[in-house]
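# Chain and residue survey
For reference, the chains in residue letters:
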Amino acid sequence: MPLSNVPSSCTHPLIHSAAIALGSNLGNSQQTLESALVALDQTPGIALQARSHWYVTAPVGPPQPDFLNGCALLTTTLTPQTLLATLLEIEQQFGRVRQERWGPRSLDLDLLFFDDLILKTDTLTLPHPRMSERAFVLVPLAEIASDWVEPVSRKAIADLVQAVDYSGVRRL
């Protein structure tokens with residue numbers, strides 16, 4: 001069949017919305033996070049739509065330096081699994097080494113949402129399973145996506161952020 005007879009909806013890939021969290025507490029964290037956003041935006045199939053301010057937060061886990069955290073909204077034509085793999089590749093490009101759970105890191109990129117998809121596989125859980133407990137995720141996410149509804153609880157980010165102690169989250 002000639003391409004001109006294919007409905008336009010079939011010739012364009014689906015565009016999805018995704019939310020990610022970014023964090024760093026090793027090296028020049030602000031420069032790393034800014035560079036990671038550029039790397040994401042330059043990746044085929046990903047476009048940066050919005051980003052939060054950076055926030056200084058106390059670490060979760062073993063003793064280590066404070067984190068710089070933020071969130072970003074993306075549009076993507078990638079699948080959730082391919083987007084996750086891309087995030088992990090970018091972490092590695094910035095020197096991420098996974099030695100200790102919740103340990104210090106040069107770059108941490110977490111996939112929080114992918115549209116309103118609820119998914120649990122061996123390698124990916126959507127929405128992110130612990131985000132609703134984490135002020136360092138909810139505060140920057142509420143800045144750019146306060147109306148986004150978390151599909152499991154069916155609560156807006158603006159409501160979830162009110163349910164956590166965010167006193168230790170300070171805007172840079």
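Structure's up top.
All of these numbers come straight from a predicted model, not from anything done at the bench.

The rules behind each value
Residues numbered from 1 in each chain as written. Predicted model: local features only at pLDDT ≥ 70, side-chain atom pairs only at ≥ 80, totals over all residues. Heavy atoms only, no water. Phe/Tyr/Trp six-rings, centres within 6.5 Å; stacked < 30°, edge-to-face > 60°. Helix = DSSP H or I, 4+ residues; strand = E, 2+ residues; numbered from the N terminus. Buried < 20%, exposed > 50% of the residue type's maximum accessible area, 1.4 Å probe, protein only. Contact = heavy atoms within 4.5 Å. Salt bridge = Lys/Arg side-chain N within 4 Å of Asp/Glu carboxyl O. Core = buried A, V, L, I, M, F, W, Y, C linked by side-chain atoms within 4.5 Å. Expected span 1.5 Å × (residues − 1). Arc of directions from axis to C-beta. Pairing = 2+ DSSP bridges.

## Topic: the packing of aromatic side chains
Between two aromatic rings, the relevant description is the distance of the centres plus the angle of the planes. The tally for this structure, following the rule as stated, stands at 1 aromatic pair. Taken together, a centroid distance of 4.9 Å and an interplanar angle of 15 degrees make the contact between Phe-113 and Trp-148 stacked. Residue Phe-113 is found in strand E5 (residues 108-114), and its partner Trp-148 is found in the loop between helix H4 (135-145) and strand E8 (149-150); the two are separated by 35 residues along the sequence. In this structure Phe-113 comes out as buried when scored by relative accessible area, which is 1%.

## Let's talk about H4
In terms of burial, H4 is a largely internal element, 9 of the 11 residues being buried. Three or more residues of H4 are buried, namely Ala-135, Val-137, Leu-138, Val-139, Pro-140, Leu-141, Ala-142, Ile-144 and Ala-145.

## Observations regarding the environment of Thr-86
Here Thr-86 lies in helix H3 (residues 80-93). Relative accessible area serves as the criterion here: at 12%, Thr-86 is assigned to the buried category. The spacing of Thr-86 and Thr-43 is 43 residues in sequence and 8.6 Å in space, taken between C-alpha atoms. If sequence neighbours within four positions are ignored, Thr-86 has contacts with Thr-43, Ile-46 and Leu-78.

## Some remarks on the pattern of salt bridges
The final tally for this structure, using the stated rule, is 2 salt bridges. Arg-51 is the partner of Glu-34 in a salt bridge, and the nearest nitrogen-oxygen pair spans 2.8 Å. Note that Glu-34 is positioned in helix H2 (residues 29-41) and Arg-51 in strand E2 (residues 46-51), a separation of 17 residues in sequence. On the accessibility criterion, Arg-51 (32% relative accessible area) is partly exposed. Among the salt bridges present, the one from Arg-105 reaches Asp-108, with a minimum N-O distance of 3.1 Å.

## Concerning the nonpolar core
Counting 25 residues, the largest nonpolar core has Ile-20, Leu-22, Leu-83, Ile-90 and Leu-111 as the members making the most contacts within it. Considering each element in turn, this core owes the most residues, 5 residues, to H2. With residues up to four places along the chain from it excluded, the contact list for Ile-20 reads Leu-40, Gly-70, Cys-71, Ala-72, Leu-74, Leu-87, Asp-110, Leu-111 and Leu-112. One finds Ala-19, Ala-21, Phe-113 and Val-169 within the second-largest nonpolar core, a separate group that totals 22 residues.

## A few points about the side chain of Thr-57
With respect to the element layout, Thr-57 can be found in strand E3 (residues 55-57). When residues no more than four places from it in sequence are discounted, the contact partners of Thr-57 are Asp-66, Phe-67, Asn-69, Phe-136, Gly-168 and Val-169.

## With respect to H3
For H3, with 14 residues, the first-to-last C-alpha span of 20 Å sits near the 20 Å given by 1.5 Å per residue. Looking only at H3, the buried set comprises Pro-80, Leu-83, Leu-84, Thr-86, Leu-87, Ile-90 and Glu-91. All buried residues of H3 lie within an arc of 160 degrees about the axis, which places them on one face of the element. Structural note: H3 exposes Gln-92 and Gln-93 on the side pointing more than 90 degrees away from its buried face. Looking at the buried side of H3, the elements it contacts are strand E1 (16-24), H2, E2, strand E4 (67-76), E5 and strand E7 (125-126). Once H3 ends, the next one or two residues include Gly-95, with phi positive near 85 degrees.

## What about the pairing of E4?
One face of the sheet, then the other: side chains in a regular strand alternate in exactly this way. In terms of burial, E4 is largely enclosed, as 9 of its 10 residues are buried. With 9 bridges joining them, E1 and E4 adopt antiparallel strand pairing. Following the sheet pairing, Ala-19 is matched in E4 by Leu-73. Of the strand pairs in this sheet, E2 and E4 are connected by 5 bridges, and their pairing is antiparallel. Residue pairing in the sheet places Ile-46 in a bridge with Thr-76 of E4. Across 3 bridges, E3 lies against E4 in antiparallel orientation. Note that in E4 the partner of Tyr-55 across the bridge is Asn-69.

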